[in-house]
Amino acid sequence: VKMERSRENVWIRRPRSRLLHLATAITVQILLHRGDAEVVFAAVIPHGDFAYDPSLIDGKNGSVAVHDAAVVAGKRVAAARPDLIVLITPHGLALDNDFAVFTNSNGSGFALIGQDLHNTSFPSYKVPLSVALDPTEAAAIVAAAGGPARNTTGLLGWADSEPIPLRWGEVVPLSFLREVVAPTNGRPTATVVVVSVPLRRYKNDVAMIPELLALGRNLGHHFAASRRRVAVVVSADLAHTHLASGPYGFSNSAEPFDMACGRWAITLNGSALLVEAAALVDRALSCGFTGMVMLHGLLTSLQEVAEQVQFTPDLLTNEHPTYYGMLVATFTAKA
């Protein structure tokens, strides 16, 4: 939300009809049981200020519904008892071309809540968070993704002598998972791997669709073969152009883009995301689009390895409290 600069106003969009057949899953929950009771859980959780603190706008315009839905999603993650959280973020430390997988042992930082008001007189406040990362699993994810040859690179800060920085794109969604990643009392029950989407998403996110789907499939196959209990969380907000008074102005593509994402979440219809939303995102301006497409590839791969799995969708909310939209939904897989 905060770092969508002017270059985001220049986008390349070429929806491709050949993607229509890739049908399947923005906050998404999947429980997949195979063999030794392996569990895979995924979620798309907003990172906007108003998801964390709806009181910033007096709880108006659906902001409380978004917050409450994110809380529910966090509880469902905890109920799945994952021992690994994989967070896909559009706003972390990012490389120009490659997906960056954080390989430090720890991550620490804060979300500066209140910046989305774009009001210099408001006293923003910090929400701190420190989590245990998982260098071994991060390296395995880089390998499963194909490594530098497939535009995926490990990112290590300061020879692992200090935590790698986290900001709002990671801290806000992970704050709803504190019970498993940073409990007040006791040890965390899950480590975290952060996957940061490259900066080329600003101009080329639709052109990246085949690559994003392939990356999601590779990760899905990797997790399906893993004995870990994995929760995949996509940090995502929707269209940023709902209001003329907002920092990116108004676009009549904002509402239909958010609705297309909602249809994807309700029906698991890939064309809603890969065709309908893709045709609008250049004007709607969504930082979460690439992460959702990657998740779609992941869900598709899970169906490939377990053909009898059916997904039961639960769209918790789809709102735009201010200039940007936020959606929370869950999907449960049943064999």
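Residues numbered from 1 in each chain as written. Predicted model: local features only at pLDDT ≥ 70, side-chain atom pairs only at ≥ 80, totals over all residues. Heavy atoms only, no water.

Engineer: Looking at this model, I keep getting lost on the overall build of the chain. Mind explaining?
Structural biologist: Counting secondary structure elements, the chain contains 11 helices and 11 strands. Going through the 335 residues of the chain one by one, you find that 57% of them count as buried. When the accessible surface of the chain is split by element, carbon and sulfur atoms take 53% of a total near 12800 Å². (Helix = DSSP H or I, 4+ residues; strand = E, 2+ residues; numbered from the N terminus. Buried < 20%, exposed > 50% of the residue type's maximum accessible area, 1.4 Å probe, protein only. Areas by Shrake-Rupley, 256 points an atom, 1.4 Å probe, with all protein chains shown as cover.)

Engineer: Got a minute to help me understand the side chain of serine 235 in this structure?
Structural biologist: Within the fold, serine 235 resides in strand β9 (residues 230–235). A polar contact is formed between the side chain of serine 235 and the backbone oxygen of glycine 169, at a distance of 2.7 Å. For serine 235, the contacting residues outside a window of four places in its chain are Ile45, His47, Leu87, Ile88, Thr89, Pro90, Gly169, Pro173 and Gly288. (Polar contact = N/O pair within 3.5 Å; in protein donor to acceptor, adjacent residues only side chain to side chain. Contact = heavy atoms within 4.5 Å.)

Engineer: Hey, could you run me through the packing of aromatic side chains in this one?
Structural biologist: Two measures describe an aromatic ring pair: the distance that separates the ring centres and the angle between the ring planes. For the coordinates displayed, the defined rule picks out 4 aromatic pairs. Ring centres of phenylalanine 50 and tyrosine 324 lie 5.7 Å apart, and the angle between their planes is 20°; on these two criteria the pair is classed as stacked. Taken together, the residues phenylalanine 50 in helix α1 (residues 49–52) and tyrosine 324 in the loop between β10 (310–319) and β11 (326–334) connect sequence positions 274 residues apart. Take phenylalanine 50 and tyrosine 324: they sit in the same class, and that class is buried. Ring geometry for phenylalanine 257 against phenylalanine 289: centres 6.4 Å apart, planes inclined by 50°, an arrangement best described as tilted. On the criterion of sequence distance, the pair formed by phenylalanine 257 in helix α8 (residues 254–267) and phenylalanine 289 in helix α11 (residues 289–305) is long-range, its members being 32 residues apart. For the pair phenylalanine 257 and phenylalanine 289, one class covers both residues: buried. (Phe/Tyr/Trp six-rings, centres within 6.5 Å; stacked < 30°, edge-to-face > 60°.)

Engineer: Would you take a moment to explain the pairing of strand β2 (residues 84–89) for this structure?
Structural biologist: The two faces of the sheet receive side chains in turn, since in a regular strand these alternate between them. Within β2, 6 of the 6 residues are buried, leaving the element largely enclosed by the surrounding structure. As paired strands, β2 and β9 are joined by 5 bridges and run parallel to one another. Of the residues in β9, the one forming a bridge with leucine 84 is valine 230. (Pairing = 2+ DSSP bridges.)

Engineer: Help me out: how do you make sense of the environment of leucine 174 in this one?
Structural biologist: The topology assignment puts leucine 174 in helix α4 (residues 168–175). The class of leucine 174 is buried, set by a relative accessible area of 0%. Each C-alpha atom, one on leucine 174 and one on serine 130, is 9.8 Å from the other, the two residues being 44 residues apart in sequence. Apart from residues lying up to four places away in sequence, leucine 174 is in contact with Ile85, Leu87, Leu129, Val181 and Val192.

Engineer: Explain the sheet that holds strand β5 (residues 125–132) to me, please; I cannot follow it from the model alone.
Structural biologist: Hydrogen bonding along the main chain pairs the strands of a sheet, whether they run parallel or antiparallel. With respect to topology, 3 strands assemble into an open sheet ordered β5-β4-β7, the strand pairing being mixed. The sheet is open, and its two edges are formed by β5 and β7 (164–166), each paired on a single side. On average, each strand axis in the sheet is tilted by 25° relative to the strand beside it, whichever way the strands run. Bridge analysis of strand β4 (residues 106–113) against β7 gives 3 bridges, and the strand direction is parallel. What sits directly across from glycine 109, in β7, is leucine 166. Where α4 meets the sheet, its contacts fall on β4, β5 and β7, and the angle it forms with β4 comes to roughly 90°. (Axes fitted to C-alpha atoms, helices over the stretch in contact; angles between N-to-C directions.)

Engineer: Is there a simple way to think about the pattern of salt bridges in this case?
Structural biologist: Where charged atoms from two side chains of opposite charge come close, those side chains can pair. Considering all chains together, one arrives at 5 salt bridges under this definition. Note that aspartate 282 is salt-bridged to arginine 283, the shortest N-O span being 3.2 Å. Judged by its relative accessible area of 22%, aspartate 282 falls in the partly exposed class. What you see here is one network of salt bridges that share partners, running through Asp83, Asp134 and Arg228. (Salt bridge = Lys/Arg side-chain N within 4 Å of Asp/Glu carboxyl O.)

Engineer: Looking at this structure, I do not really get the nonpolar core. What am I missing?
Structural biologist: Generally speaking, soluble globular proteins have nonpolar side chains that are buried together. Formed by 54 residues in total, the largest nonpolar core has its most connected members in Val86, Phe257, Leu273 and Phe289. With 8 residues, α11 is the single largest residue contributor to this core. Counting residues in each nonpolar core, the second largest holds 45 residues, with Ile57, Ala70, Val77 and Val192 among its members. (Core = buried A, V, L, I, M, F, W, Y, C linked by side-chain atoms within 4.5 Å.)

Engineer: Would you mind showing me how to read the packing of α8 against helix α9 (residues 270–277) here?
Structural biologist: When two helices pack together, their arrangement is given by the angle between the helix axes and the distance between those axes. Where α8 contacts α9, the axes come no closer than 7 Å and their chain directions differ by 160°. In terms of their interaxial angle, α8 and α9 are classed as roughly antiparallel. Both α8 and α9 take part in a crossing whose hand is left-handed. Taking contact as the criterion, the partners of Phe257, Ala260, Cys261, Arg263 and Trp264 in α8 are, on α9, Gly270, Ala272, Leu273, Glu276 and Ala277. (Parallel < 35°, antiparallel > 145°, perpendicular 65-115°, else oblique. Left-handed = near helix turned anticlockwise from the far one by under 90°.)

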